[in-house]
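So you can see what is in the structure, the chains are spelled out below.
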Protein chains: 2
Amino acid sequence: MSAQFAQLSTVTSPRAHAAPSAPASLANQRSVRRVEFEPKYGGGRRGVEVSYLWHGVPDAPTVIVQGGISADRDVLTVGGDERPGWWQALVGEGMAIDLRSCRVLSIDWLTPHDLGDVAAVSTEDQANALSALVDALGIGRVAAFVGSSYGAMVALAFAALHPGQLDKLVVLAGAHRAHPMSTALRSVQRGIVRLGCDSGRLDEALGLARQLAMTTYRGSEEFSRRFAGAPEFRGDRFRFPVEDYLEQSGRRFVERFDAERFLALSESIDLHDVAPERIPTPATLVGFPSDRLVPLADLCELQRRLRGPATLEVVESPYGHDGFLKETEQLAPLLREALR
Amino acid sequence: MSAQFAQLSTVTSPRAHAAPSAPASLANQRSVRRVEFEPKYGGGRRGVEVSYLWHGVPDAPTVIVQGGISADRDVLTVGGDERPGWWQALVGEGMAIDLRSCRVLSIDWLTPHDLGDVAAVSTEDQANALSALVDALGIGRVAAFVGSSYGAMVALAFAALHPGQLDKLVVLAGAHRAHPMSTALRSVQRGIVRLGCDSGRLDEALGLARQLAMTTYRGSEEFSRRFAGAPEFRGDRFRFPVEDYLEQSGRRFVERFDAERFLALSESIDLHDVAPERIPTPATLVGFPSDRLVPLADLCELQRRLRGPATLEVVESPYGHDGFLKETEQLAPLLREALR
């Protein structure tokens, strides 16, 4: 093993996850690597720093796992007492993405700031960064790219640009292009944030944009069940149960995210456009009928147009787009099957 | 005919609408009347000025027609060269709501400002104003209340509060309560407008709120067909086809509407809650499967719970909630049948 393992730290897996047959230790890199590629929107080839997590059995096949625009490389927590990773219920020893038999690789999304002088960041840029990282880490071929939401779009861009590096594509709640209605809803979100920038009310604006985003992430049926209560007159006006929930979601988001990053990654979703006909990689697609942001019809079209063999798994859920985060029990067997 | 016709002006019907069997003249009142009732949210009984249009054959049965929160009393244009009314294609001589055999009554929506010292305006207030106006005009019984969107909610409130004044209820794209997901989307719209109030950017904020509203009024399929084109880099960023459309809709709305009125009527929709079991009036309900704002399931529930006989007509349309404005050819026979 050469330079790429310089930052390797061997950690003992947390007891809660240890299964009888688990290996005693997993290899863990949580690091930054400089890679080179040419961003889509201008400026020519350059070096870009990519923050990544690479975790699992040292010599096992690598599986790339990427989530939505607000997800980071911490798919799972590696230490004992951190906050859980965003897919903690599906990635780990003995879990659906089993760290006894594979090694997970994930990056923090790049922004135009990371790329230097560019007008926007594309899903192709994220895919090229991952591809260069795979080379830099000496991985060679990736066993699978499991992408959800924006991560699904990047997975498709990766498969279109680097089919020779990828054995299997697993795409959840994402398609070859954004639906125009979803673009409409994101363009309003970006308008809110720009209004906040221009008027010095950035936190409130970012919070409101997140509130709107939440309505697109969650299911109508779920909202109907949770927020059917009567409004209360508080302060100077009526407050509706769903309003309190949205405001809290907005505040939490503002604490952990910034406006520039939000604008860039939101726009990146809407710029995404990959021809499925270019993708030969065998694919498993997973869609949620209640997903208001990525209609199931778009996944049907994707399946029909992919060049390689593709199955579409339809998962019933009240949770809409966020089904990829919430339906872990239904997703686990589908992921196991897709990664077999 | 007594005092209530003091402001009557007899107009010759425009030639374009004249059918061979049409009467030579229609009675037209476009006027203001002071009525008394007690608003729901405080302050006791008071006099309230109601702006109304009452147009048609003088002695024909009266049909109340009310639309969405941005519609006014001008259901149809009465003079020759004005802009068309909001339901011009369905109301007129020989039209589905036939002014040769009925007389249309419609009011401008009341706001808290019109009601004096109240915390909010309710659909019951609008219904009480209409009921008092019906009495003041000496109408006695109304042949039908045809309400769309917010107007549908007011129609249900009217039927619940004044069943003895009403023979038939026709409800399009509206239900006994707002869906919590729709409340969520409207609460974000109101948040945008309040942010604009607080930061001195009211026009931009109201325009953005309208943009968001437009995404809820129109159909996903329609957007998919109209706005599938590629973005253009203009000014300092990419612009998506749907974004140009939304911005134009927002600007047009700001020219004709004000923030205070928008906040009050938007909130009034979410405060609406009428028990269908209270309504004995025979009803025809019309729903659009593509309506994202008023799910068809809510109209199914309404039909099941109404005390009187009710039919539900399902109209396929790519236009979502705005089907009540756009699907005039499909709606015409349904309205004729309902009003027979």
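Residues numbered from 1 in each chain as written. Chains lettered and ligands numbered in written order. Predicted model: local features only at pLDDT ≥ 70, side-chain atom pairs only at ≥ 80, totals over all residues. Heavy atoms only, no water.

J.: How do you make sense of the overall build of chain A when you look at a structure like this?
T.: The secondary structure content of chain A amounts to 11 helices and 13 strands. Its C-alpha atoms give chain A a radius of gyration of 20 Å, near enough to 20 Å, the size a compact globule of 340 residues would have. In terms of overall dimensions, chain A has a C-alpha envelope of 65 × 50 × 40 Å along the principal axes. Within chain A, the proportion of its 340 residues that are buried is 61%. Expressed as a percentage of contacts within chain A between residues at least 6 apart in sequence, the contacts between residues at least 24 apart total 71%. When the accessible surface of chain A is totalled, it reaches about 13,000 Å², and 48% of it is carbon and sulfur. The averaged location of the 43 negative side-chain charges in chain A is 1 Å from the averaged location of its 37 positive side-chain charges. (Helix = DSSP H or I, 4+ residues; strand = E, 2+ residues; numbered from the N terminus. Rg over C-alpha atoms; globule rule 2.2 N^0.38 Å. Buried < 20%, exposed > 50% of the residue type's maximum accessible area, 1.4 Å probe, protein only. Contact = heavy atoms within 4.5 Å. Areas by Shrake-Rupley, 256 points an atom, 1.4 Å probe, with all protein chains shown as cover. Lys, Arg positive; Asp, Glu negative; His and termini not counted. Charge placed at Lys NZ, Arg CZ, Asp CG, Glu CD.)

J.: Even after reading the chapter, I still don't get the environment of Gly79(A), so can you show me in this structure?
T.: Mapped onto the elements, Gly79(A) comes out in the loop between β4 (62–66) and β5 (91–92). Between the C-alpha atoms of Gly79(A) and Leu312(A), which are 233 residues apart in sequence, the distance is 35 Å.

J.: What am I meant to see in helix α4 (residues 180–199) of chain B here?
T.: Note that an α-helix has 3.6 residues per turn; residues three or four places apart therefore point the same way. All names here are of chain B. Taking 1.5 Å of rise per residue, 20 residues should cover 28 Å, and α4 covers 28 Å from first to last C-alpha, within 8% of that figure. Summarising burial for α4: 17 of the 20 residues are buried, a large majority. One or two positions beyond α4, positive phi appears at Gly 200, with a value near 70°. (Expected span 1.5 Å × (residues − 1).)

J.: I'm lost on the nonpolar core in this one. Help?
T.: Where a protein is soluble and globular, its nonpolar side chains tend to be buried together. Core analysis: the biggest nonpolar cluster contains 58 residues, and Leu105(A) and Leu169(A) have the highest contact counts within it. Of all the elements, helix α3 (residues 150–161) of chain A adds the most residues to this core, at 10 residues. Both domains that furnish three or more residues to this core are identified here as domain 1 (2–177 + 274–339) and domain 2 (180–268) of chain A. Once residues within four sequence positions are removed from consideration, Leu169(A) is found in contact with Phe145(A), Ala155(A), Leu156(A), Ala159(A), Ile279(A), Thr281(A), Pro282(A), Ala283(A) and Thr284(A). Within the second largest apolar cluster, 49 residues are counted, among which are Leu105(B), Val118(B), Leu166(B) and Leu302(B). (Core = buried A, V, L, I, M, F, W, Y, C linked by side-chain atoms within 4.5 Å. Domains from an automatic or database assignment.)

J.: What's the story with the side chain of Glu267(B) in this structure? I'm lost.
T.: With respect to the helices and strands, the residue Glu267(B) is situated in helix α8 (residues 259–271). Within the buried set, Glu267(B) has no salt-bridge partner at all; the shortest N-O distance to an opposite charge, 5.6 Å, is to Arg190(B). What Glu267(B) contacts, discounting residues up to four positions off in sequence, is Arg237(A), Phe238(A), Phe240(A), Ala119(B), Ala120(B) and Arg190(B). (Salt bridge = Lys/Arg side-chain N within 4 Å of Asp/Glu carboxyl O.)

J.: How should I be thinking about the relation of the copies chain A and chain B in this particular structure?
T.: These two copies of the chain differ by a rotation about an axis and a displacement along the same axis. With an RMSD of 0.0 Å, the fit of chain A onto chain B corresponds to turning through 180° and sliding 0.0 Å along the axis. Here the symmetry operator amounts to a two-fold rotation axis. Identified as the residue of chain A closest to the rotation axis by C-alpha distance is Ser199(A), at 3.1 Å. When the interface residues of chain A are mapped onto chain B, 100% of them again lie at the interface, so the same face is used by both copies. (Least-squares fit on C-alpha atoms with pLDDT ≥ 70 in both.)

J.: Looking at this model, I keep getting lost on the interface of chain A and chain B. Mind explaining?
T.: A common way to state how big an interface is: give the accessible area lost once the parts meet. Counting residues at the interface gives 45 residues for chain A and 45 residues for chain B. Between chain A and chain B the total buried area reaches about 3,800 Å² when both faces are included, carbon and sulfur atoms providing 72% of it. Taken together, chain A and chain B are joined by 4 salt bridges. Between Arg201(B) and Asp198(A) there is a salt bridge; the shortest N-O distance is 4.0 Å. Where chain A packs against chain B, one counts 4 residue pairs in polar contact (both at pLDDT 80 or more). Listing elements by their share of the side of chain A that touches chain B, those giving two or more residues are α4 (180–199), α5 (202–217), α6 (220–226), β11 (237–239), α7 (241–256) and α8 (259–271) of chain A. (Buried area = accessible area lost by both parts, 1.4 Å probe. Polar contact = N/O pair within 3.5 Å; in protein donor to acceptor, adjacent residues only side chain to side chain.)

J.: Whenever I open this one, the packing of aromatic side chains confuses me. Can you help?
T.: Geometry of an aromatic ring pair is reported as the spacing of the ring centres plus the angle between the planes. By the definition in use, this model includes 20 aromatic pairs over all chains. Relative to Phe158(A), the ring of Phe145(A) has its centre 5.6 Å away and its plane inclined at 65°; by these criteria the two rings are edge-to-face. With Phe145(A) in strand β8 (residues 144–148) and Phe158(A) in helix α3, this pair connects stretches of sequence that are 13 residues apart. Of the two residues, Phe145(A) and Phe158(A), neither departs from the other in class, the shared state being buried. Measuring from ring centre to ring centre gives 6.0 Å for Phe253(B) and Phe262(B), while their planes differ by 80°; the resulting arrangement is edge-to-face. (Phe/Tyr/Trp six-rings, centres within 6.5 Å; stacked < 30°, edge-to-face > 60°.)

J.: What should I look at first to understand the pattern of salt bridges in this one?
T.: Pairs may arise between side chains of opposite charge once their charged atoms sit close together. Inspection of every chain in the model, using the stated rule, returns 50 salt bridges over all chains. The shortest N-O distance in the salt bridge between Arg218(B) and Glu222(B) comes to 2.9 Å. Exposure remark for Arg218(B): the relative accessible area of 8% places this residue in the buried category. Through salt bridges that share partners, Arg194(A), Arg237(B), Glu243(B) and Glu247(B) make up one connected network.

J.: What exactly am I supposed to notice about the side chain of Glu243(B) here?
T.: In this fold, Glu243(B) is placed in helix α7 (residues 241–256). The class of Glu243(B) is buried, set by a relative accessible area of 2%. In this structure Glu243(B) touches Ser187(A), Arg194(A), Arg237(B) and Phe238(B), once residues within four positions along its chain are discounted.

J.: Is there a simple way to think about the domain arrangement of chain A in this case?
T.: All names here are of chain A. Here chain A is described as being made up of domain 1 (2–177 + 274–339) and domain 2 (180–268). Look at where the C-alpha atoms of domain 1 and domain 2 centre, and you get two points 26 Å apart. Taken together, the contact pairs 23 residues of domain 1 with 24 residues of domain 2. If you look at where domain 1 meets domain 2, you find 1 salt bridge. Across the salt bridge formed by Arg 218 and Asp 322, the nearest N and O atoms sit 3.6 Å from each other. Inspection of the region where domain 1 meets domain 2 yields 7 residue pairs in polar contact (both at pLDDT 80 or more). Contributions of two or more residues to the side of domain 1 that touches domain 2 are made by α1 (112–115) and α2 (123–136).

J.: Got a minute to help me understand the pairing of β8(A) in this structure?
T.: All names here are of chain A. The buried fraction of β8 is high, at 5 of 5 residues. Both faces of β8 are covered, namely the face carrying Ala 144, Val 146 and Ser 148 and the face carrying Phe 145 and Gly 147. The sheet contact formed by β4 and β8 spans 4 bridges and is parallel. Bridging across to β8, Val 63 finds its partner in Ala 144. The sheet contact formed by β8 and strand β9 (residues 169–172) spans 4 bridges and is parallel. Bridge assignment links Ser 148 to a residue of β9, and that residue is Leu 172. Assessed by its sense of winding, the connection that carries the chain from β8 through α3 to β9 is right-handed. (Pairing = 2+ DSSP bridges. Right-handed = clockwise from strand over helix to strand, strands pointing away.)

J.: What is the right way to read the environment of Glu124(A) from this model?
T.: All names here are of chain A. Mapped onto the secondary structure, Glu 124 falls in helix α2. What makes Glu 124 buried here is its relative accessible area of 14%. Expressed as a C-alpha distance, the spacing of Glu 124 and Ala 160, which sit 36 residues apart in the sequence, is 9.1 Å. Look past the residues within four positions of Glu 124 in its chain and what remains in contact with it is Lys 40, Ala 157, Leu 161 and Asp 273.

J.: What am I meant to see in unusual backbone geometry here?
T.: For residues other than glycine, phi is negative in most cases, and the peptide bonds are mostly trans. Of note, the phi angle at Ala173(A) is positive, near 50°, even though the residue is not glycine. The buried category is assigned to Ala173(A), whose relative accessible area is 1%.

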